[in-house]
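Coordinates in review
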Amino acid sequence: MSDILIVDDERDIRELVSDILEDEGYSTRLAGNSDECMASINSEPPGLLILDIWLKDSRMDGIDILKAVKRDNPDVPVVIISGHGNIEIAVAAIKQGAYDFIEKPFNIDQLMVVIRRAMETSRLRRENASLKRKEVTNSDMIGKSASFRAMQGQLDKVTKSNGRVMLSGPAGSGKEIAARYIHAHSNRANAPFVTVNCAGIEPERVEEVLFGRESSERGVESGLLEEAHGGVVYFDEVADMPLGTQSKILRVLVDQQFQRVGGSDKVRVDLRVISSTNKNLDEEIAAERFREELYHRLNVVPIDVPSLEDRREDIPVLAQHFIEMCNESQGLPVREISDEAVALLQTMTWPGNVRQLKNLIERVLILGDGTGPIEARELPTEDEKSDDSGRVVLSGTLATLPLREAREAFEREYLLTQINRFGGNISRTASFVGMERSALHRKLKSLGVVTSNKSGARVAQIDEPEPAE
């Protein structure tokens, strides 16, 4: 995509321009009509298109070709040339996306200035897109817990296909990172990854944002689907998409084409679709807030993204990863995390999941006054656990119970927390709490605590008795 395609029905003109450009070090291709032009573009998009607006004996004129190029290859800059130039034609060409308009007979120096600027613009766009793709590729998945490994195993199975994937999980659990992981390891890794924030777009502007628009005042404006052509479009929180738009997205998935708002031309796109939701889509369908046909189109491969509570083992490595990220992006100090701080992080509740942990680490690094290990006292506590003298402060519930019941309640919650902290590993839990493994098993049985599989990991829970018939 570094050569220049010259399209002109006058052989002398196109060969003259070609000779001039080749003397300047550019490689060129030539076309004398619209069919030759479109065949050349479809074979390999050029780095720049020099296009005569009037083409004799052609099915398409220059404006028609310009529309097609901007639709299917929007990154290719187009310079329009014409011997019948007027202000109306120039304005129409610019509105349709032309980089510039030059009248015949043209000044060679003027032509070269325009071409150099257009090629530089094209180069910068490609570099910018490349940097964005590199950023996506470097969006690594971090974790080692059983539930994380189970999810990553499912992601690895879908990377090489074009199957549509539905990622389900609570807010902040890392669904977009999972989507970017699929993209970065797929055969579309060098193509765009475009996120559609379904909850963040004003309902009255959703179709314009997705499909783009055409108007006599502003010409052609591409939408997000067009920008994602050849790559991945990620519908973030797809349940928040308006019902009317859902039916149009369904049609795009079937036909792989759409019309811009205000336009009449069909825009063809090649897309892989990944969606995410933190809602129960079966319930949304029952409440008639989500189209069942769209659900079945999007939910080809369902993958659950576990909450942070289901992967507490990953908290230390995630926290260290966020420390390194803050150092690279903000220059904040690289600090270790003390064992006591790790234990506290692994026993906290995380309604905001991985995003909440990231924000907490950033806050601690900003407010911290040293470079030594992060201590437990620097972390927020969900309730007051001790007073200034180190005495444990009882919660209101424990304080009202007899000693035996209070002790059992404390032991039950304490052991539940520790087992889940260690991903259901009884041996590691026993080592940390200072008990023999057999003694811990007996204690758990007496307290009614059992472990079971959830999201590929062992988790502890209270063994609720079956209700009486």
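The text that follows walks through the structure, step by step, so that each part is easy to find.

Conventions adopted
- Residues numbered from 1 in each chain as written.
- Predicted model: local features only at pLDDT ≥ 70, side-chain atom pairs only at ≥ 80, totals over all residues.
- Heavy atoms only, no water.
- Axes fitted to C-alpha atoms, helices over the stretch in contact; angles between N-to-C directions.
- Helix = DSSP H or I, 4+ residues; strand = E, 2+ residues; numbered from the N terminus.
- Parallel < 35°, antiparallel > 145°, perpendicular 65-115°, else oblique.
- Left-handed = near helix turned anticlockwise from the far one by under 90°.
- Contact = heavy atoms within 4.5 Å.
- Nonpolar A, V, L, I, M, F, W, Y, C, P; charged D, E, K, R; others polar.
- Phe/Tyr/Trp six-rings, centres within 6.5 Å; stacked < 30°, edge-to-face > 60°.
- Buried < 20%, exposed > 50% of the residue type's maximum accessible area, 1.4 Å probe, protein only.
- 1 Å grid on protein atoms, 1.4 Å probe; cavity = no way out; pocket = protein on both sides within 12 Å on 5 of 7 lines; lining within 4 Å.
- Points joined across faces, edges and corners; volume = space filled by probe spheres on them.

Looking at the packing of helix H13 (residues 315-330) against helix H14 (residues 339-347)
Two numbers describe how H13 lies on H14: the axes approach to 10 Å, and their chain directions differ by 110°. Judged by the inter-axis angle, H13 sits roughly perpendicular to H14. Here H13 and H14 pass one another in a crossing that is right-handed. Residues Ile-315, Pro-316 and Ala-319 of H13 touch H14, and the partners they reach there are Val-342, Leu-345 and Gln-346. For the contact of H13 with H14, the class distribution of residues is five nonpolar, one polar and no charged.

Considering the packing of aromatic side chains
Under the counting rule described, the total for this entry stands at four aromatic pairs. A centroid spacing of 5.3 Å and a plane angle of 40° characterise the contact between Phe-211 and Phe-258, whose relative ring orientation is tilted. Residue Phe-211 is located in helix H8 (residues 206-211), and its partner Phe-258 is located in strand E11 (residues 257-259); the two are separated by 47 residues in the primary sequence. Residue Phe-211 is classed as buried on the basis of its relative accessible area, which comes to 4%. Each ring, one from Phe-410 and one from Tyr-414, has its centre 5.7 Å from the other, and the planes form 20°; the classification is stacked. Pair noted here: Phe-410 and Tyr-414 are both in helix H17 (residues 403-421), with a separation of four residues, about one helical turn.

Some words on empty space enclosed by the protein
This model, assessed by the stated rule, comprises three cavities of 30 Å³ or more. Estimates place the volume of the largest cavity at around 70 Å³. Considering each element in turn, the lining of the largest cavity owes the most residues, four residues, to helix H3 (residues 62-72). Across the lining of the largest cavity, the residue classes break down as two nonpolar, one polar and six charged.

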